[in-house]
Amino acid sequence: MSYVLKLLPYVVLIATIKCSITSTSNTIIVNAQEVDTTNTPSIINTDAPITNSPTTSKPTSSPSDSPSTTPPSASPTQDRLVRDYIQSKKDIIQNRVLVSYNRSSGQAYLSTQYTFDRLTQSIQTFGIDGFGADFQFNLYEGDGDKCILGLINLSALLANAMVESIEDDTCDELNWEEAGNPPLIPYDDKIAMSNSCGMEGRSYQDENCAFGTNEFLSCEADKSMQVIAVSRGTQVNTPPPLKCQPGNNFAGYWDIARGIEVANVEFPNNGGRTDTEACCWWGRGALSTKGVCNIGKMNYYLGKRGAELGRSTLYPTVDFCKFPESTCASAFGESLRWDSAFFEWSERVQRYETNDWNFEDQLLHFEQSGMSDDAFINGVSRILSRGCHKSGCSEYGEARLLNKRRTYFYMIINDVFDLKSLTRRPTTAPSKPTIGTTISIESSASQLTPSPLSQDDLAAQLRPTLSGMASQPSTSEKTVAPTTWTTLIVIEDNAAHGEKQMILLELLAVMSLLLNHII
């Protein structure tokens, strides 16, 4: 009888473990809490699906055929983590990023040229669906480990777009540069009409894909072409839109003080040009895509040139080389203003590489170093505007308004996307092998910078995490929403049940040994 009494505690222990295994076969462990696996929080979903079809509204100029409405290389998407997170930030993106200014009155307003809906359509096309090329915008959609890198990448593009076009709400590059080399006429407060040929000493029509050659992707600089831009600045006495036309050896200048154009006068721009013949390649779109090479690449990857060569392109009827103003003045201008930017960033900035600089390496380094190193945003801004990443690497000097590009970049990653609340944390390997996934997400309660337009809208902003863990569950879901998410250990149901059975067998074996010893 004494043996039975000695064994009684072990029998009770075994029974307790067995009951525990039976009753917890449908649970997961979350921060040492048991939660019903049949009702876990889902990722964020938007009510309105994002489409990628460019507008087919009435054209303001030819051509007028509709673009392809089916993505050339569309493929099924996985999780919608990044896209949904961007959608959740709609109000603050509109109030902080898509903001334009009237330069005369100083009044801020929501951009009419660059809207949120068109932005998200371009993100869908170039970051998720693809546009018929073997590369795309690095959004990292569906990659839960890298999705924060996609938001950093988008922040850098948007920061540059704010400087290039959004601030002034323009599609065409503006004629902004005063002549810096003394011409025949005093140059104070005078702007060369020949700036359409290039500003900052550049010659857009000579910037072939391979300098000094007629590499086939470059557009031909047609001397008979005549184009007038559609965009004009809002400053007092601002110059007229850029234009190009044949002949016209003395295009003259714009007198800022008097607000008049003085024609038929020899007045060179900073590149020495006095005419505007074949000078139709100024910047257009959100990133001011310019030059016969970059516009020619658009024609190959997005437009008619590629379609003629058998490629599946988004705009098979649009000949960007024959009509470079298509980005701003065609039936598709509303889409092309963003599409041109995402294409150029994907093709020229992301694929830029030297012996000491690789885009993705620099992007990853920026994120892992705490998102405070200026090297990444400085480098990509120089690549976009100067074609190289180092300070002093270009004969045309430093990237224009680099400080402002950098300031906007940090404003977007900190105040708009609140990326530091989504910083990835390295997972710690458990002491005992388990079957499942370990995820680490840490949220913060950093304050948003007041909006220049509406603080009330910003006060209502929610900041869900990329994984959707902090999103509002439906009424049918069981809510598990701690203020701060630390480590989540998720054990697959079947595997966990099997592991518990193994533990039970081990305990039974120990009990058998104890019984043999006692007996």
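If you're wondering where the values come from, they're calculated on a predicted model, not measured in any experiment.

With that out of the way, let us pick up the sheet that holds strand β9 (residues 260-262). Read across the sheet, three strands follow the order β5-β8-β9 without closing on themselves; strand pairing throughout is antiparallel. The open sheet has two edge strands with one neighbour each: β5 (190-192) and β9. Each adjacent strand pair in this sheet contributes to an overall mean axis angle of 30 degrees, direction not counted. Relative to strand β8 (residues 253-255), β5 is paired through three bridges, and the arrangement is antiparallel. By the bridge assignment, Lys-190 is partnered in β8 with Asp-255.

A complete count under the given rule lists six disulfides for this structure. The disulfide bridge from Cys-219 ends at Cys-321, spanning 2.0 Å between sulfur atoms. Because the torsion about its S-S bond is -75 degrees, the bridge between Cys-219 and Cys-321 counts as left-handed. Of this pair, Cys-219 sits in the loop between β5 and β6 (227-228) while Cys-321 sits in the loop between α7 (304-308) and α8 (326-329), and the two are 102 residues apart along the sequence. You can call Cys-219 buried: its relative accessible area is 5%. Here the disulfide map of the protein reads 1-10, 2-6, 3-8, 4-9, 5-7, 11-12, the bonded cysteines being numbered as they appear in the sequence.

Ile-86, Trp-338, Trp-345, Phe-409 and Phe-417 are the most contacted members of the largest nonpolar core, which has 93 residues in total. Per element, the largest residue contribution to this core is 14 residues, and it comes from helix α5 (residues 147-166). Beyond its immediate chain neighbours, meaning those up to four positions away, Phe-417 contacts Tyr-85, Ile-86, Lys-89, Ile-93, Leu-151, Leu-154, Ser-155, Ile-412 and Leu-422. The next biggest cluster of nonpolar side chains, apart from the first, holds six residues, and it includes Ala-179, Ala-192, Tyr-253 and Phe-267.

Here we take up helix α4 (residues 116-129). When the terminal C-alpha atoms of α4 are compared, their 18 Å separation across 14 residues agrees well with the 20 Å that a helix rising 1.5 Å per residue should span. The N-cap residue of α4 is Thr-115: its side-chain oxygen and the backbone nitrogen of Arg-118 are 3.4 Å apart. Following α4 by one or two positions, Gly-130 adopts a phi angle in the positive range, close to 90 degrees.

To continue, consider the packing of aromatic side chains. What the rule picks out here adds up to 20 aromatic pairs. Ring geometry for Phe-126 versus Phe-342: centroids 6.5 Å apart, planes at 25 degrees, classification stacked. Placement of Phe-126 in helix α4 and of Phe-342 in helix α9 (residues 333-349) is noted, with a sequence separation of 216 residues between them. An identical accessibility class is assigned to Phe-126 and Phe-342; each is buried. With centroids separated by 5.6 Å and ring planes inclined at 40 degrees, the aromatic side chains of Tyr-301 and Phe-343 adopt a geometry described as tilted. Of this pair, Tyr-301 sits in helix α6 (residues 291-301) while Phe-343 sits in helix α9, placing them 42 residues apart in sequence. Note on accessibility: Tyr-301 and Phe-343 belong to one class, buried. Following the ring pairs from residue to residue traces out a cluster consisting of Tyr-114, Phe-126, Phe-131, Phe-135, Phe-137, Phe-216, Tyr-300, Tyr-301, Trp-338, Phe-342 and Phe-343. Over the face of the ring belonging to Phe-135 we find Arg-351, whose NZ or CZ atom lies 4.1 Å from the ring centre.

Contact pair helix α11 (residues 375-386) / helix α12 (residues 402-416): the axes reach a minimum separation of 10 Å and the direction vectors enclose 125 degrees. Classified by the interaxial angle, the pair formed by α11 and α12 is oblique. Relative to α12, the crossing made by α11 is right-handed. Touching Phe-376, Ile-377, Asn-378, Ser-381, Arg-382 and Leu-384 of α11 are Leu-402, Arg-405, Arg-406 and Phe-409, all from α12. When the residues that make up the contact of α11 with α12 are grouped by side-chain class, the tally is five nonpolar, two polar and three charged.

With that settled, consider the environment of Arg-400. Within the element layout of this structure, Arg-400 appears in the loop between α11 and α12. It is 9.0 Å that separates the C-alpha atoms of Arg-400 and Ser-381, two residues lying 19 residues apart in sequence. Setting aside residues up to four positions removed in sequence, Arg-400 forms contacts with Glu-164, Trp-176, Glu-200, Arg-386 and Arg-405.

So, how was this worked out
- Residues numbered from 1 in each chain as written.
- Predicted model: local features only at pLDDT ≥ 70, side-chain atom pairs only at ≥ 80, totals over all residues.
- Heavy atoms only, no water.
- Pairing = 2+ DSSP bridges.
- Helix = DSSP H or I, 4+ residues; strand = E, 2+ residues; numbered from the N terminus.
- Axes fitted to C-alpha atoms, helices over the stretch in contact; angles between N-to-C directions.
- Disulfide = S-S within 2.5 Å.
- Buried < 20%, exposed > 50% of the residue type's maximum accessible area, 1.4 Å probe, protein only.
- Core = buried A, V, L, I, M, F, W, Y, C linked by side-chain atoms within 4.5 Å.
- Contact = heavy atoms within 4.5 Å.
- Expected span 1.5 Å × (residues − 1).
- Polar contact = N/O pair within 3.5 Å; in protein donor to acceptor, adjacent residues only side chain to side chain.
- Phe/Tyr/Trp six-rings, centres within 6.5 Å; stacked < 30°, edge-to-face > 60°.
- Lys NZ or Arg CZ within 6 Å of the ring centre and 35° of its normal.
- Parallel < 35°, antiparallel > 145°, perpendicular 65-115°, else oblique.
- Left-handed = near helix turned anticlockwise from the far one by under 90°.
- Nonpolar A, V, L, I, M, F, W, Y, C, P; charged D, E, K, R; others polar.

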